[in-house]
Amino acid sequence: MQSSKMRVAANRFQIARSVFEAIRSRSRKPEYSEDHGQKVGYDRLASLSEDFYEPESGLLNEGIYHNAIHLMALAHGQAHFSIDPMEIGRLSSSLEQLNYNTGQKLFRTRTCHEAWDHSETAYSRIKHDKNHFRPNEEFRCASQAIAALAYLAAQQGGFISLKSSPVHPRSVLESVEQQFKHNINNDECAFSKISNHFVGEYRAVDCAMVALAVKALTINDGIEPEDALFTMLTQSLHGLRKSFGYAEGRTRHPYLCDHDTEQNSFSQKRFLWQEVWILLALAVQADTDEPVHFANDCHALLAEMLSLYICPDGYFLNVPWSDREMHSYVMGHIGDNLLFMNAVEYLFSKGIASQLQVDTVHSAVNILIDKCSTQNVGHVSNGINPKSGRCEPVMMWGLNEVCFGTVFEWSRLLD
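Keep in mind that what you see is a predicted model, and the values were worked out from it rather than measured. Each chain carries its own residue numbering, running from 1 in the written order of its sequence. In keeping with the model being predicted, local features are shown solely for residues with a pLDDT of at least 70 and side-chain atom pairs are shown and tallied solely at 80 or more, while totals for entire chains, interfaces and linings include all residues. Excluding hydrogens and water, the side-chain figures rest on all heavy atoms present in the structure.

Remarks on the packing of helix α7 (residues 204–220) against helix α9 (residues 272–283)
Packed helix pairs are characterised by how far apart their axes lie and by the angle those axes make with each other.
Move 1: Axes here refer to lines fitted to C-alpha atoms; in helices the fit is confined to the stretch in contact. Angles between the N-to-C directions go from 0 to 180 degrees. Secondary structure follows DSSP: runs of H or I at least 4 residues long count as helices, runs of E at least 2 residues long count as strands, and numbering of each begins at the N terminus. Following both chains from N to C, one finds α7 and α9 inclined at 40 degrees, their axes separated by 8 Å at the closest point. Comparing their axes, α9 and α7 come out oblique. Our pair here, α7 against α9, has a crossing hand that is left-handed. Taken together, the residues of α9 that come into contact with α7 (itself represented by Ala204, Val205, Ala208, Met209 and Leu212) are Trp273, Gln274, Trp277, Ile278, Leu280 and Ala281. Our angle categories are set so that under 35 degrees counts as roughly parallel, over 145 as roughly antiparallel, 65 to 115 as roughly perpendicular, and the remainder as oblique. Should the near helix be turned anticlockwise from the far one by less than a right angle, the crossing is left-handed, and should it be turned clockwise, the crossing is right-handed. Between two residues, a contact is recorded if the distance between any of their heavy atoms is within 4.5 Å.

Some points on helix α3 (residues 85–99)
A turn of α-helix holds 3.6 residues, and therefore any two residues three or four places apart point the same way.
Move 1: Over its 15 residues, α3 extends 22 Å from the first C-alpha to the last, a length consistent with the 21 Å expected when each residue adds 1.5 Å.
Move 2: Among all positions of α3, only Ile88, Gly89, Leu91, Ser92, Ser94, Leu95, Glu96, Leu98 and Asn99 are buried.
Move 3: Buried residues along α3 sit against α2 (64–81), β3 (100–101), β4 (106–110) and α5 (141–156).
Move 4: For α3, the N-terminal capping position is held by Asp84, with its side-chain oxygen 2.8 Å away from the main-chain nitrogen of Met86. Helix span, as expected, comes to 1.5 Å for every residue beyond the first. Exposed residues in this analysis have more than 50% of their type's maximum accessible area, buried residues have under 20%, and partly exposed residues fall in between, with area computed by a 1.4 Å probe over protein chains only. Two N or O atoms form a polar contact when they lie within 3.5 Å of each other; inside protein one atom must be a possible hydrogen donor and the other a possible acceptor, and for residues adjacent in sequence the pair counts only when both atoms belong to side chains.

Details of the packing of aromatic side chains
Move 1: For Phe, Tyr and Trp, rings pair up if their centres lie within 6.5 Å, where Trp contributes its six-membered ring, and each pair is then called stacked (planes under 30 degrees apart), edge-to-face (over 60) or tilted (otherwise). Counted under the stated rule, the structure contains eight aromatic pairs.
Move 2: Plain terms: the ring middles of Phe404 and Trp410 are 6.3 Å apart, the flat faces sit at 75 degrees to each other, and that makes the pair edge-to-face. Of the two residues examined, Phe404 and Trp410, each falls in the buried class.
Move 3: When the ring of Phe408 is compared with that of Trp410, the centres are 4.9 Å apart and the planes differ by 75 degrees; the resulting orientation is edge-to-face.
Move 4: Owing to a relative accessible area of 3%, Phe408 belongs among the buried residues under this scheme.
Move 5: Accessibility expressed as a relative area gives 3% for Trp410, which makes it buried.
Move 6: Every member of this aromatic cluster is reached through a ring pair, and the members are Trp277, Phe404, Phe408 and Trp410.
Move 7: Two conditions define a charge located above a ring, namely a distance within 6 Å from the ring centre to NZ of Lys or CZ of Arg, and an angle within 35 degrees of the ring normal. Its guanidinium or amino end placed over the ring of Tyr123, Arg134 lies 4.1 Å from that ring's centre, counting from NZ or CZ.
Move 8: Over the aromatic face of Trp321 sits the side chain of Arg324, whose NZ or CZ is 3.7 Å from the ring centroid.

As for the pairing of strand β2 (residues 39–42)
Move 1: Pairs of strands are assigned from DSSP output, requiring at least two bridges between the strands. The sheet contact formed by strand β1 (residues 30–32) and β2 spans three bridges and is antiparallel. Bridging across to β2, Pro30 finds its partner in Tyr42.
Move 2: Here β1 folds back onto β2 in antiparallel fashion, the turn holding six residues, of which Gly37 has a positive phi close to 70 degrees.

Points about the pattern of salt bridges
Move 1: Whenever Lys or Arg places a side-chain nitrogen within 4 Å of a carboxyl oxygen from Asp or Glu, that contact is recorded as a salt bridge. Taken as a whole, this structure holds 20 salt bridges when the rule is applied.
Move 2: One salt bridge connects Arg270 with Glu275, and the closest N-O pair in it is separated by 2.9 Å. Here the two residues Arg270 and Glu275 agree in accessibility, since each one is buried.
Move 3: Taken together, the shared-partner salt bridges in this structure form one network comprising Arg252, Arg270, Glu275 and Glu304.

Side note on the confidence of the model for the protein
Move 1: Confidence of the prediction at every residue is given by pLDDT, a number between 0 and 100. Of the residues in the protein, 90% reach a pLDDT of 70 or more, and the chain-wide mean stands at 87.
Move 2: Segment residues 1–6: pLDDT under 50, and eleven contacts once partners within four positions in sequence are set aside and those in other chains are kept.
Move 3: Confidence drops under pLDDT 50 across residues 260–265; counting only partners more than four residues distant or on other chains, this segment forms four contacts.

Remarks on the side chain of Glu62
Move 1: Structurally, Glu62 is set in the loop between β2 and α2.
Move 2: Here Glu62 is buried and forms no salt bridge, its nearest opposite-charge partner Arg110 lying at an N-O distance of 4.2 Å. When charges are counted, Lys and Arg contribute as positive and Asp and Glu as negative, whereas His and the chain ends are disregarded.

Some remarks on the packing of helix α11 (residues 334–349) against helix α12 (residues 355–372)
Move 1: Where α11 meets α12, the closest approach of the two axes is 9 Å, and the angle between their N-to-C directions is 160 degrees. Relative to α12, the element α11 is oriented roughly antiparallel. Handedness of the crossing formed by α11 with α12: left-handed. Facing Ile334, Asn337, Leu338, Phe340, Met341, Val344, Glu345 and Phe348 of α11, the residues of α12 in contact are Gln355, Gln357, Val358, Val361, His362, Ala364, Val365, Leu368 and Ile369.
Move 2: Amino acid classes used here: Ala, Val, Leu, Ile, Met, Phe, Trp, Tyr, Cys and Pro are nonpolar; Asp, Glu, Lys and Arg are charged; the rest, including Gly, are polar. Residues belonging to the contact of α11 with α12 are distributed by class as follows: twelve nonpolar, four polar and one charged.

Printed below as a string of structure tokens:
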């Protein structure tokens, strides 16, 4: 196990750099005039599923979530990626222009950009979920939280200025408080997945991501106890621990429904990426509010996750191993494993995770990198199907989360 830890530590920035270069290599190519050698345009429209980088805008695709993850990675990995700091400002500006609604002070999930090909021919070539690539004007709670975290990280690093950017993380989170928050029980709240869309169904991951974003804002910008955002932070954590069952010894309910429908059968389903965010949200409270309770909650959840999600080959699945027959899509995502590793390392820095637990996730990452790599670490596939043992195609979100997981340091934003 010790050699596993050393291997990840030695290679993590090499991996991040190689994957970053792999992302940028999947791009449209500029065309130049024959006479003057000046750029006159691009060779074609960008492919929705195969081009991972749009050089004019700096965007990876048309959606907010993965672009925000990339912005966070660049904010902490700029030196390792050897890029001009101005490129980070360009990405944040492009993301604002594409997806930010200045009236609502919220980010749309996905908006058409002129660089990408939205013809029916383009959609017919997509082999996975076509709806993922279709324009979506919804405002989603998780999108606002990840955007607030990304812009806080970029502002903290001095890559963008509050004076020049129309995006203010505080304003985004105030809009979340007004348009997504619902009080449940006396001192708890939960959040609609979509703004002003109350159907009585909530996700624990939305509570967690909002709590993380407000906590980061508190540390970097300051929030008074009488502020509505401070109340939202407290209520979301209470909801996470009580109604969603993430306090030690309680039954987990990642999804809650107000009404008695078949949706309630979904409330027990657990996903690794969601519980990584929940783990982080509990961890940032472990040295502030009710420290013993939150630390115990983290210990219990981390031990569960290490046991539930690991498969016989030694890496972590997107769903619990014991529940794999309940799901049509079961994968060992390299991005999920890197996100998990990144979170466990943060818990270790706070004295919550043990060295053995860190070594376990390091080993899982090494196994997946070996299985998913083809020519080198810059050509890492999205993950492994545990049933067939086959690699998934290379997809942007897998590479992007590898980039993020290797360079982002939560302690810089949350401590």
